[in-house]
Amino acid sequence: MTLAGLTLLRPWWLAALPIVVALALYAVRRAAPLGDWGREVDPALMAYLSRTGSVLGGKRGANLAAGLCAAGLVLGLAGPAVERRDTGTFRNLDETILVVDLSRSVAEGGNLQGVREAAASVAQAAGTRPVALVIYAGDAYLAASPTTDRDSLGTTLFSLDADTVPDRGSHPERGLALASRTLAEANVIAANVVLISDGDGIGEAALREAGAIRARGWRLDTLFVPATKALPPGVPKPDPGPLQRLAAAGGGTSAEIRAATPVLDAVAAPTAQHLAAGGYGVVAFADLGRWLLALAALPALLLFRRSA
């Protein structure tokens, strides 16, 4: 979560702030020195009682100090942080893998040109981070190892056709499994896996692979390929529903190739955000919360004042 130039590493702690403020206000009001007695008792008598110690004041100041201390603790635990200057050096720990469906329903009946263009857009959105390409139909193959050479990757993308994968069928789980192995072998910390498909072949095996991707701290997004012409006999009709379920299982989002902005935005997020989402925020951000915790201790000193 980014706010006023700061990134909150643990924003859920802010939910406790209204509770702390409400409790502090209640305690301060309850600790009014004498309530309405100050108006009802003769001022001279009240002054005498105060001088003789017969009237004890409330603890409004102490309660206010405690409230300020608690509020400071909550803000510190929320983890306000600034991005480190050397975050760009970690871009090799943040990769994007394109998993492209080349089964008959896409290669022959779908919009293959649209698939190529969508894949190229995802690669461009990844910026300077490495991008790999996995293609699948009846089996899966690594068509391009992780690379920052967009020209070479573009050449590979626009050479894809119905004969690129010789194995008939549609097994997206094999493509996802190969993407996971590729990332694991490179010891990648943060990753975006983008599956481009018409939804065919997605079953329990693919959902398990999506869950495994999410468990590793990576993210799976999907792009739906609608049919643009009559499908060959026996080819299943494109269905975005399975892709939406797959993206949900992988912690990502689903969109159509003609309106791919949500997926492109997720891929284009800065490396620092990807690392933080993967649980490695300390690598990309300098946490200022510790200094807020130290400042929160200052009001607490008022609680140790000596009283008569």
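Here the structure is shown first, and the text comes after it.
Residues numbered from 1 in each chain as written. Predicted model: local features only at pLDDT ≥ 70, side-chain atom pairs only at ≥ 80, totals over all residues. Heavy atoms only, no water.

**Focus: the overall build of the chain**
Of regular secondary structure, the chain possesses 14 helices and 10 strands. Counting over 308 residues, the chain shows a buried share of 41%. Excluding contacts between residues fewer than 6 apart, the proportion of contacts in the chain whose partners are at least 24 apart in sequence is 82%. When the accessible area of the chain is evaluated, it comes to approximately 16,200 Å², of which 57% is carbon and sulfur surface. (Helix = DSSP H or I, 4+ residues; strand = E, 2+ residues; numbered from the N terminus. Buried < 20%, exposed > 50% of the residue type's maximum accessible area, 1.4 Å probe, protein only. Contact = heavy atoms within 4.5 Å. Areas by Shrake-Rupley, 256 points an atom, 1.4 Å probe, with all protein chains shown as cover.)

**Re helix 10 (residues 240-249)**
Turn by turn, an α-helix covers 3.6 residues, leaving residues three or four places apart pointing in a common direction. By the burial criterion, the buried members of helix 10 are Gly241, Pro242, Leu243, Leu246 and Ala247. Structurally, helix 10 contributes buried residues whose contacts are with helix 8 (172-185), strand 7 (190-197), helix 9 (204-215), strand 8 (219-224) and strand 9 (254-256). Of the residues that open helix 10, the one with a side-chain oxygen 3.0 Å from the backbone nitrogen of glycine 241 is aspartate 239. Of the residues one or two after helix 10, glycine 251 is the one with positive phi, at around 75°. (Polar contact = N/O pair within 3.5 Å; in protein donor to acceptor, adjacent residues only side chain to side chain.)

**As for the pattern of salt bridges**
This structure, assessed with the given rule, holds two salt bridges. Between aspartate 221 and arginine 219 there is a salt bridge, with its nearest N and O atoms 2.9 Å apart. Since its relative accessible area comes to 0%, aspartate 221 is described here as buried. Arginine 219 sits in the partly exposed class, given a relative accessible area of 27%. (Salt bridge = Lys/Arg side-chain N within 4 Å of Asp/Glu carboxyl O.)

**Concerning the environment of aspartate 163**
With respect to the helices and strands, the residue aspartate 163 is situated in the loop between helix 7 (150-157) and helix 8. Given the relative accessible area of 64%, aspartate 163 is considered exposed.

**Some words on the environment of valine 21**
Tracing the backbone through its elements, the reader meets valine 21 in helix 1 (residues 17-30). Along the primary structure valine 21 and leucine 64 are separated by 43 residues, whereas in three dimensions their C-alpha atoms are 10.0 Å apart.

**Some remarks on the environment of isoleucine 135**
Note on placement: isoleucine 135 falls in strand 5 (residues 131-136). The class of isoleucine 135 is buried, set by a relative accessible area of 6%. Expressed as a C-alpha distance, the spacing of isoleucine 135 and leucine 176, which sit 41 residues apart in the sequence, is 9.8 Å. Those residues in contact with isoleucine 135 that sit more than four places away from it in its chain are Val100, Leu102, Ala140, Tyr141, Ala143, Leu160, Thr164 and Val165.

**Considerations on a nonpolar patch on the surface**
Together, Trp12, Trp13, Leu73, Leu77 and Leu293 give the surface a local cluster of nonpolar side chains, amounting to about 460 Å² of exposed area. Tracing the backbone shows leucine 293 in helix 14 (residues 289-300). The exposure class assigned to leucine 293 is partly exposed, which follows from its relative accessible area of 31%. (Patch = residues over 30% accessible without salt bridge, like charges linked within 9 Å, V, L, I, M, F, W, Y side chains within 5 Å.)

**As for the pairing of strand 5**
Most of strand 5 is tucked away: six of the six residues are buried. The two faces of strand 5 match: Val131, Leu133 and Ile135 on one face and Ala132, Val134 and Tyr136 on the other face are all buried. With five bridges joining them, strand 5 and strand 6 (residues 140-147) adopt antiparallel strand pairing. Within strand 6, the position partnered with isoleucine 135 by the bridge is tyrosine 141. Count of turn residues in the strand 5/strand 6 antiparallel hairpin: three residues. (Pairing = 2+ DSSP bridges.)

**A closer look at the packing of helix 8 against helix 9**
Helix 9 packs onto helix 8 with a crossing angle of 20° between their chain directions and a minimal axis gap of 8 Å. By the angle between their directions, the pair helix 8 and helix 9 is classed as roughly parallel. The chirality of how helix 8 crosses helix 9 is left-handed. Judged by residue contacts, Pro172, Glu173, Leu176, Ala177 and Ser180 of helix 8 engage Ala205, Ala206, Glu209 and Ile213 from helix 9. (Axes fitted to C-alpha atoms, helices over the stretch in contact; angles between N-to-C directions. Parallel < 35°, antiparallel > 145°, perpendicular 65-115°, else oblique. Left-handed = near helix turned anticlockwise from the far one by under 90°.)

**Looking at the sheet that holds strand 8**
What the six strands build is an open sheet, ordered 6-5-4-7-8-9; its pairing is mixed. Here the strands that pair on one side only, and so sit at the sheet edges, are strand 6 and strand 9. The sheet shows a mean angle of 20° between the axes of neighbouring strands, direction not considered. Two elements, strand 8 and strand 9, share three bridges in a ladder whose sense is parallel. Bridging from a neighbouring strand, leucine 223 pairs with alanine 255 of strand 9. Packed on one face of the sheet, helix 10 meets strand 7, strand 8 and strand 9 and runs near 165° to strand 8. Lying over the sheet, helix 11 (residues 261-268) contacts strand 4 (94-101), strand 7, strand 8 and strand 9, oriented at roughly 150° with respect to strand 8.

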